[in-house]
Amino acid sequence: MLEVKNLNKKFGKLQVLTDVSLKAYSKEILCIRGESGAGKTTLIRCICNLETYDSGEITIDGDSRSEFVQEKVGLVFQSFNLFPHLSIIDNLTISPVSQKAMTRAEAQKRARELLSKLGIDSKENNYPFELSGGQKQRVAIARACMLNPKVLCFDEPTSALDNKTTQGIASILRDLAQEGMCIIVISHDNDFCDMVATRQLHMVSSKLIN
């Protein structure tokens, strides 16, 4: 489904990705472990088309067009990045509607389906400050799923969550993978990776190793 081939990236003279290659598949939860500064977040940002890379190629189902790849990849940010001034349902619908990918009615229907699936449908009219960390994480997951991505990336998904909430997020990831999505998680939380991963890779000093 997703293939990364010989990706290289520098910030100035600092090499942050060195010939990084990987394949990830439908129904897989691939965890990429590594210490801070190893290059994990830069790799995810490149996959999500939020960062340009110097050389290499990223394809989904053999298509390397950047607009196609961006369309098929969702990202759940470490800090959730919810709009504080918008209700939960508006957080989910604003992007699909503004991009003209859905009508407002279609986006609201999709948003409610996702919120119900994630067990927070009662929160659609709340604002982010009224939610717990785990609820915000679920909203962020719902928002990333609005346009049915083939690949869903998570940047340190457990960094602000307690153990019980972490287990709940692990269950959601398993459910999404079983439905056919490819899940990629970057984390330095080894216990979480061991709990949820179907496969693990390690990043060490800009290089990806098994």
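The preceding data block contains the structure.
A few points on the structure. (Residues numbered from 1 in each chain as written. Predicted model: local features only at pLDDT ≥ 70, side-chain atom pairs only at ≥ 80, totals over all residues. Heavy atoms only, no water.)

### A closer look at the overall build of the chain
Step number 1: Secondary structure summary: the chain contains 7 helices and 9 strands in total.
Step number 2: Taking 210 residues into account, the globule formula puts the C-alpha radius of gyration at 17 Å, and the chain, at 17 Å, falls close to it.
Step number 3: Expressed as lengths along the three principal axes of its C-alpha atoms, the size of the chain is roughly 45 × 40 × 35 Å.
Step number 4: Within the chain, the fraction of its 210 residues that count as buried is 49%.
Step number 5: At a minimum sequence separation of 6, the contacts of the chain that also span at least 24 residues come to 71%. (Helix = DSSP H or I, 4+ residues; strand = E, 2+ residues; numbered from the N terminus. Rg over C-alpha atoms; globule rule 2.2 N^0.38 Å. Buried < 20%, exposed > 50% of the residue type's maximum accessible area, 1.4 Å probe, protein only. Contact = heavy atoms within 4.5 Å.)

### As for the sheet that holds strand S2 (residues 14–24)
Step number 1: On the basis of which strands lie adjacent, the open sheet formed by 3 strands has the order S2-S1-S4 and antiparallel pairing. Edge positions in the sheet fall to S2 and strand S4 (55–60), since each has one partner strand and no second. On average, adjacent strands in this sheet sit at an angle of 20° to one another, irrespective of strand direction.
Step number 2: One ladder, built from 7 bridges, connects strand S1 (residues 2–11) with S2; its direction is antiparallel. Bridge assignment links Phe11 to a residue of S2, and that residue is Leu14. (Pairing = 2+ DSSP bridges. Axes fitted to C-alpha atoms, helices over the stretch in contact; angles between N-to-C directions.)

### Looking at the sheet that holds strand S6 (residues 151–155)
Step number 1: Pairing is mixed in the open sheet, where 6 strands are placed in the order S5-S6-S7-S3-S8-S9. Taken across any chain shown, the strands that pair with only one partner, and hence form the sheet edges, are strand S5 (73–76) and strand S9 (207–209). Strand-to-strand twist of the sheet, defined as the mean angle between neighbouring strand axes without regard to direction, takes the value 20°.
Step number 2: Taken together, the 5 bridges between strand S3 (residues 29–33) and strand S7 (residues 182–187) define a ladder with parallel strand orientation. Pairing of Arg33 across the sheet is with Ser187, part of S7.

### Notes on helix H4 (residues 104–117)
Step number 1: The terminal C-alpha atoms of H4, which comprises 14 residues, lie 20 Å apart, in line with the 20 Å expected from a rise of 1.5 Å per residue.
Step number 2: Of the surrounding secondary structure, the elements contacted by the buried residues of H4 are helix H3 (88–98) and helix H5 (133–144).
Step number 3: In the segment just after H4, Gly119 is the residue with positive phi, at about 75°. (Expected span 1.5 Å × (residues − 1).)

### Section: the side chain of Ser87
Step number 1: Looking at the secondary structure, you find Ser87 in the loop between S5 and H3.
Step number 2: Ignoring anything within four residues of it in the chain, the contact list for Ser87 reads Glu124, Asn125, Asn126 and Tyr127.

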